[in-house]
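Results of the structural survey
Below, each chain spelled out in residue letters.
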Amino acid sequence: MEWLVRPLHEAGFRVVALDHHGNNYVDGYEPEGFLHVWERPRDVSFALDVLDGEQLLGPVGVAGFSLGGYTAAALVGARVDPQILWAVLTGTVPLPEIPEFPGALEALRKKYPPNDSSRRALEAAAADLSDPRVRAVFQVAPGAGSLVTRESLAAVEVPVGIRWGGADTVNPYDVDTEPYLKYIPTASGGSAGPHVRHDDFFAPEPADPSVRVQVGREAAAFFQQHLG
């Protein structure tokens with residue numbers, strides 16, 4: 001994600017990148033890290049608490065790629081529908097394959113069998129995970145758009161910028177990006193290109209390296225406009 005961090009840093013922002021437990025390259029994968037998505041915004045708020053204790057925070061913006069796009073939106077009010085999560089867990093609604101963790105759903109079922117206890121645990125997904133310190137959000141190829149409620153998106157009040165790839169088959173536009181763009185009243189965005197794939201934002205050798213460089217610059221300009 002250096003392509004996103006560098007332009008933000010060069011624009012004068014203090015930048016912090018999080019490694020979410022169970023979903024990062026350093027300490028490995030756990031199914032909860034991919035499927036208990038509501039834990040991710042809690043991680044961000046915890047990090048902000050720590051930073052706030054070190055020095056005064058200015059206006060905070062959150063940028064997120066893929067599932068990080070959901071994380072950013074959750075921090076300004078987006079809420080996951082636990083009924084949809086339950087349908088995914090029980091197999092009623094199919095879960096698209098996760099390239100980084102094939103079989104993630106099966107692994108989660110082994111650890112947490114679909115029973116009343118698991119269903120109650122999913123209720124945490126519907127909690128208000130917003131953080132009032134977050135004043136602007138920038139999503140890149142966001143995920144989990146099909147899981148969030150329209151009502152929660154309609155209540156988002158902070159500026160939201162969105163970019164996506166026209167050839168993204170991991171988080172397709174109509175499934176995952178369009179709900180954010182359509183139902184968040186403050187959202188605006190555009191495609192990064194019709195041939196841009198999901199992995200072009202993180203692959204060592206993307207088809208067109210200039211795409212993510214441009215999106216990084218657009219993120220920095222967005223936050224300069226909305227955070228001052």
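Quick note: structure is the one above.
The structure reproduced in this document is the subject of the present report.

About the thresholds
Each residue is numbered by its place in its chain's sequence as written, counting from 1. Note on the predicted model: pLDDT of at least 70 is required for a residue's local features to be given, and 80 or more for side-chain atom pairs to be given and counted; whole-chain, interface and lining totals, by contrast, use all residues. Computation of side-chain values: all heavy atoms of the structure, hydrogens and water removed. Exposure categories follow from relative accessible area, calculated using a 1.4 Å probe and restricted to protein chains: below 20% of the type maximum is buried, above 50% is exposed, and the middle band is partly exposed. Numbering of helices and strands runs from the N terminus; a helix is a DSSP stretch of H or I covering at least four residues, while a strand is a stretch of E covering at least two. Should DSSP find at least two bridges between two strands, the strands are regarded as paired. Look down the strands so they point away from you; if the path from the first strand over the helix to the second goes clockwise, the crossover is right-handed. Here the aromatic set is Phe, Tyr and Trp, taking the six-membered ring for Trp, and pairing holds for ring centres within 6.5 Å; pairs whose planes are under 30 degrees apart are stacked, those over 60 apart are edge-to-face, and all others are tilted. A cavity, in this analysis, means grid points on a 1 Å lattice covering only the protein atoms where a 1.4 Å probe fits yet has no way out; a pocket is instead an open set bounded by protein on both sides within 12 Å along at least five of seven lines, and a residue lines either one if it has an atom within 4 Å of a point. Grid points are joined across faces, edges and corners, and a volume is the space filled by probe spheres set on the points. Under the convention adopted here, Pro, Cys and the residues Ala, Val, Leu, Ile, Met, Phe, Trp and Tyr are nonpolar, Asp, Glu, Lys and Arg are charged, and Gly plus all remaining residues are polar. Lines fitted to the C-alpha atoms define the axes, with helices restricted to the stretch that makes contact. Angles between their N-to-C directions range from 0 to 180 degrees. For classification purposes, angles smaller than 35 degrees are called roughly parallel, those larger than 145 roughly antiparallel, those between 65 and 115 roughly perpendicular, and all remaining angles oblique. In a left-handed crossing the near helix is turned counterclockwise from the far helix by less than a right angle, and in a right-handed crossing that turn is clockwise. Contacts between residues were defined by any pair of non-hydrogen atoms, one from each residue, lying within 4.5 Å.

As for the pairing of strand β5 (residues 160–164)
In terms of burial, β5 is largely enclosed, as five of its five residues are buried. Burial along β5 is two-sided: Val160, Ile162 and Trp164 facing one way and Gly161 and Arg163 facing the other are all buried. Pairing between strand β4 (residues 134–140) and β5: four bridges, direction parallel. Residue pairing across strands places Val137 opposite Val160, the latter belonging to β5. In this structure, β5 lies alongside strand β6 (residues 187–191), joined through five bridges in parallel fashion. Looking at β6, one finds that Arg163 is bridged to Gly190. Traced from β5 through helix α9 (residues 173–183) to β6, the parallel crossover comes out right-handed.

Let's talk about the packing of aromatic side chains
Scanning all chains against the criterion turns up eleven aromatic pairs. Aromatic side chains Phe138 and Phe223 sit 6.4 Å apart centroid to centroid with 55° between the ring planes, which places their arrangement in the tilted category. You can see Phe138 sitting in strand β4 and its partner Phe223 sitting in helix α10 (residues 209–227), a full 85 residues away along the chain. Judged by its relative accessible area of 0%, Phe138 is buried. The rings of Trp3, Phe65, Phe201 and Phe202 are connected pair by pair, giving a single aromatic cluster.

A closer look at the layout of surface pockets
Counted as a void, the second largest pocket has a volume near 180 Å³. For the second largest pocket, the full set of lining residues is Val76, Gly77, Arg79, Asp128, Ser130, Pro132, Val134, Ser152, Ala155, Val156, Glu157 and Val158. For the lining of the second largest pocket, the per-class residue count stands at six nonpolar, three polar and three charged.

Focus on the packing of helix α1 (residues 2–10) against α10
Direction vectors running N to C along α1 and α10 enclose 40°, while the axes themselves pass 8 Å from each other. With respect to α10, the axis of α1 lies oblique. Relative to α10, the crossing made by α1 is right-handed. Facing α1, whose interface residues are Trp3, Leu4, Pro7 and Leu8, α10 presents Arg212, Val215, Gly216, Arg217, Ala219, Ala220 and Phe223. Grouping the constituent residues of the contact of α1 with α10 by class yields eight nonpolar, one polar and two charged.

Examining the environment of Gly58
In this structure, Gly58 sits in the loop between α3 (39–54) and β3 (60–65). Once the C-alpha coordinates of Gly58 and Arg14 are considered, the two residues, 44 residues apart in sequence, prove to be 9.5 Å apart.

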